[in-house]
Amino acid sequence: MNISRNWISEYIDLKDDTDNLVDKIKLHSTNVESVEKLGEGIKGVIVGRILEIKDHPDADKIVICKVDVGDKTLQILTADKSVKVNDLIPVAIDGAVLAGNFKIKSRKMRGIMSEGMMCSLEELGLEEKSEYVYKIPDDIDPGTDFVEYLRLKDDIIDIEIFPNRPDLLSYLGVASEFVAIDAAENLGYPEIIKVEKGEGFPVYIEYEGCKRYSALVVEDVEVKPSPAWLVKKLATAGIRSINNIVDITNYVLLETGHPVHAFDMDLIGDKIVVRKAEKGEKVVLLDEKEYEMNGTETLITDGEKILALGGIMGGQDSGINENTKSVLLEVAYFDPVNIRKSARYHKISSDSSYRFERGVDPNDAEFVMGRLAYLIKELANGKVSPVMTDVYPQYIEPKQIFIRSSYVNERLGVTIKEEKIKEILDKLGFKSEKVENGFKVTVPTRRPDITEEIDLVEEIGRIYGYHNIPSVLPQNNLIGGISDYIKFREKVSEVMRLNGYNEAFTFAFMDNSRMWLKEGEVFLSNPISSELGTMRPLLVYGF
Amino acid sequence: MPGAKRKIGYEHILKQTIREVYDIFSNMGYKIVEGPEIETTWHNFDALNTPEWHPARDMQDTFYIEDNIILRTHTSPVQVRTMLNHKPPLAIISPGRVYRKDEPDATHSPAFNQIEGLYIDKNVTVGHLKATLERFLTMYFGGSRKVLLRPSYFPFVEPGYEVDVDCMFCGGKGCNVCKGTGWIEILGAGLVHPNVLKNVGYDPDEWQGFAFGTGVERIAMLKHGIADMREFYRNDMRFLGL
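This one's a predicted model, so the numbers in the text were calculated from it and none came from an experiment. Every chain is numbered independently, its residues counted from 1 as its sequence is written. To read the labels, note that chains go from A and ligands from 1, taken in the order they are written. Only residues with pLDDT of at least 70 get local features here, since the model is predicted, and only at 80 or more are side-chain atom pairs given and counted; chain-wide, interface and lining totals rely on the full set of residues. Side-chain measures were taken over the full set of non-hydrogen atoms in the model, leaving aside hydrogen atoms and water.

**Student:** How would you explain the interface of chain B and chain A if you had to name every residue and give the values?
**Tutor:** Contact criterion: two residues are considered in contact whenever any of their non-hydrogen atoms come within 4.5 Å of each other. On the chain A side, the residues contacting the 79 residues of chain B number 67 residues. Once two parts are put together, the accessible area they lose, assessed with a 1.4 Å probe and summed over both, is termed the buried area. For the pair chain B and chain A, the summed buried surface comes to about 6,200 Å²; carbon and sulfur atoms form 58% of the total. The largest per-residue losses of area from chain B upon contact with chain A belong to Trp53, Pro151 and Glu158 of chain B, which jointly make up 12% of the total buried on that side. A pairing counts as a salt bridge when a side-chain nitrogen of Lys or Arg comes within 4 Å of a carboxyl oxygen of Asp or Glu. At the junction of chain B with chain A, the criterion picks out four salt bridges. Note that Glu490 of chain A and Lys15 of chain B form a salt bridge whose closest N and O atoms lie 3.9 Å from each other. Distance and chemistry together define a polar contact, namely a pair of N or O atoms within 3.5 Å, with one atom able to donate a hydrogen and the other to accept it when in protein, and with adjacent residues in sequence counting only for side-chain atoms on both sides. Summed over the shared surface of chain B and chain A, the number is 28 residue pairs in polar contact (both at pLDDT 80 or more). Considering each element in turn, the side of chain B that touches chain A owes the most residues, eight residues, to helix α4 (residues 126-141) of chain B. Looking at side-chain class alone, the side of chain B that touches chain A contains 39 nonpolar, 19 polar and 21 charged residues. Numbering of helices and strands starts at the N terminus; helices are DSSP runs of H or I of at least 4 residues and strands are runs of E of at least 2. Residues are sorted three ways: Asp, Glu, Lys and Arg are charged, Ala, Val, Leu, Ile, Met, Phe, Trp, Tyr, Cys and Pro are nonpolar, and all the rest, Gly among them, are polar.

Structure below.
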């Protein structure tokens, strides 16, 4: 999971520089795979407004533009003929340096001078491959330093997510973690619109593959390009910008860790029915592929058509497009095993299925929907319905675990005082009540990985710091030894070597056709290649 | 007349490494155990707290023979088999070949060798694990080695660790081998998960333990300065004479 330093600083105040932050993460939380310095060395990119476009007399793939860059007008040539008059674009002027240390100079293109270059997201280091010049939708003045405006200079820390830390798959989750490991303080939550629960858009859950489904209507939305700050944030996560509504759903997934979905209300019926798939049913999803159900999947339907493969991917025919006027927002919670089985079967892995498989917080729908509503209102001008439907048949309780102070100290091999244990539990955001011999801990549902006493030992141990545990050799009366069989084998090997034979090590799987003495009978169903697909029945094949 | 000259053959460096590791642990009371390379998914995964639909099954790409029969992905199933047949306390080292569906390159091979250790007794602590690993690494690499336990995850241990050893080439100052950090990642380890103990019939309130594992090629490569893992399997006579 990529964590942009600039982005996460919007929720917390970081105490350390990036190197020290990385050390703390490695010591107390998880492994750090890499740190990328985004925008390193990039300079000389300013905002320009296209005033005039003319064809190039000698090259029909190039156009000549007059661009207002604030204090003057430049003549810039480009091969992107999709640019229009009044477009705001990033301009790399003479002397600029772009991603990959690409230096820009004024130069002639087919005989005509170009005093700079129009940039795509690729040249800013935000995309692997861009096809078009980036058109800036924000309302900013020509001449503005675009690198500054985008806060392009950023450290992107790639933290490794192990299966037991699904809470780190979101910015707010990582922000809480940074506070717990003493790398940050002052955690602040982003703005939401408070939505009331009630009789909103009709929703029915008919299958336990879905444990909760919340729906909210937003009308009169304007589907248009997202502002540059959102494009940049998504780019740091390797996600391409599509339009403001789709981008907001991806943004909320990254920010809160809770995958959400948006439907075009004109393309769906008048209710949501979440049901079990029937074997043989087919649906075309957003990846433009058709999938045939095996009869165990969780489907989002409107009672007639299939709208989405729940928790995994939306359907192609109900998705947001440039004509969308009204949106139905979905914040749901699915059974992790059901999602995993379905995703595996259909060989799909999406940012959504990845999170549902590992465990999402079932109890944050109000916050997540409120955040979605706020962003859509801000960026797409929608009219947010005051009432959200929330079908939640069985409330998922936070786990209560009794932890013995002696157990913690015995497992770790230290003596942590009870006040310190309480302090650590507080830092982690776990409510704890002192009881005899230990604590009764209420684990928030955003930490589904913590289910028993030993899990809390790990939490306490890692925050306390394993480097603070003294090394003590265990005392025992055990006697080492090897079996007679191994002794014999070693002796045989020794005798062979004394007679001049060298020991070789060969693979146990090989090509069936090379078995000249006795055929193989044990085959791999998924070998690395057919030449390594049969288990050898005889060692002599090693030669 | 001079006596007849005899040429002596060489022990493969992987066998040599396993023997060195085994000698170190034998002095601490560990026994060596071996087990089958073709395993059941129960011994390789379920017994080790990795049920079928657990995302942790993705962490190791497995070769399948049938639905429930695979090439073992680690030597931990040998420990399961040993625990099922013995009462605690016990200390065992299980070396052997393991298989992962990885494209072969300088640091990956579809077949390689692991050596894993398991120590079960009453009141076993993280401090015991630390000291045991420090002694092992000191005796294998020389000098006076320190370890750094960093939070990680394996389904059969809790807490789980990635273990770094302080760089034996620069003493922790930073060099090419440790990529300037002063530490080299060398082992996976942790306290045995109570579910694993229950699965083999031990009472986790009475018995606890730690487990650790490393690649034999990995430690041999570090100690002898070998850059490409594939050398171990090429069996070039010049390499065998190392």
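**Student:** Give a detailed account of the pattern of salt bridges, specifying residues and quantitative values.
**Tutor:** Oppositely charged side chains may form a pair once their charged atoms are brought near each other. Using the criterion set out here, one finds 47 salt bridges over all chains in the structure. Across the pair Arg358 of chain A and Glu357 of chain A runs a salt bridge, and its minimum N-O distance is 3.4 Å. Note on accessibility: Arg358 of chain A and Glu357 of chain A belong to one class, buried. A salt bridge links Glu503 of chain A to Lys15 of chain B; its shortest N-O distance comes to 2.9 Å. Placement of Glu503 of chain A in the loop between α13 (484-498) and β30 (509-510) and of Lys15 of chain B in helix α1 (residues 13-26) is noted, with the two residues assigned to different chains. Buried means the residue's accessible area, taken with a 1.4 Å probe over protein chains only, is under 20% of the maximum for its type, while exposed means over 50%, and partly exposed covers the values in between.

**Student:** How would you summarise the nonpolar core if you had to cite specific residues and measurements?
**Tutor:** Membership of the largest hydrophobic core comes to 128 residues, with the highest contact counts inside it found for Ile8, Ile159 and Phe178 of chain A together with Phe212 and Phe232 of chain B. The contact partners of Phe232 of chain B, leaving out residues within four places of it in the chain, are Phe505 of chain A together with His12, Ile13, Leu14, Glu217, Ala220, Met221, Ile226 and Phe239 of chain B. Put simply, a nonpolar core is a bunch of buried Ala, Val, Leu, Ile, Met, Phe, Trp, Tyr and Cys residues held in one set by side-chain atoms that sit within 4.5 Å of each other. Counting 33 residues, the second-largest nonpolar core is a separate cluster that includes Phe201, Ala215, Phe263 and Val283 of chain A.

**Student:** Could you give an account of the side chain of Arg145 of chain B, with specific residues and numbers?
**Tutor:** Residues and elements named next belong to chain B. Topologically, Arg145 is positioned in the loop between α4 and β7 (147-152). Here Gly142 takes part through its backbone oxygen, which lies 2.9 Å from a polar atom of the side chain of Arg145. Once residues lying within four places of it in the same chain are set aside, the contact partners of Arg145 are Glu134, Leu137, Thr138, Val165, Asp166, Cys167 and Met168.

**Student:** I'd love a proper account of the packing of helix α10 (residues 405-412) of chain A against helix α12 (residues 453-464) of chain A, names of residues and values included.
**Tutor:** Any two packed helices are characterised by how steeply their axes cross, that is the angle between the axes, and by the distance between the axes. All names here are of chain A. Two elements in contact, α10 and α12, have axes whose closest approach is 10 Å; the angle formed by their N-to-C orientations is 65°. The angle between α10 and α12 places the two elements in the roughly perpendicular class. In this structure, α10 meets α12 at a crossing whose hand is right-handed. Between α10, through Tyr407, Val408, Arg411 and Leu412, and α12, the contact on the second element is made entirely by Glu453, Ile454, Val457, Ile460 and Gly461. Broken down by class, the residue content of the contact of α10 with α12 amounts to six nonpolar, one polar and two charged. Fitted lines through C-alpha atoms serve as axes, helices being fitted only where they are in contact, and the angles separating the N-to-C directions of these axes extend from 0 to 180 degrees. We call two directions roughly parallel when the angle between them is under 35 degrees, roughly antiparallel when it is over 145, roughly perpendicular when it lies between 65 and 115, and oblique otherwise. Left-handed describes a crossing whose near helix is turned anticlockwise from the far helix through less than a right angle; right-handed describes the clockwise counterpart.

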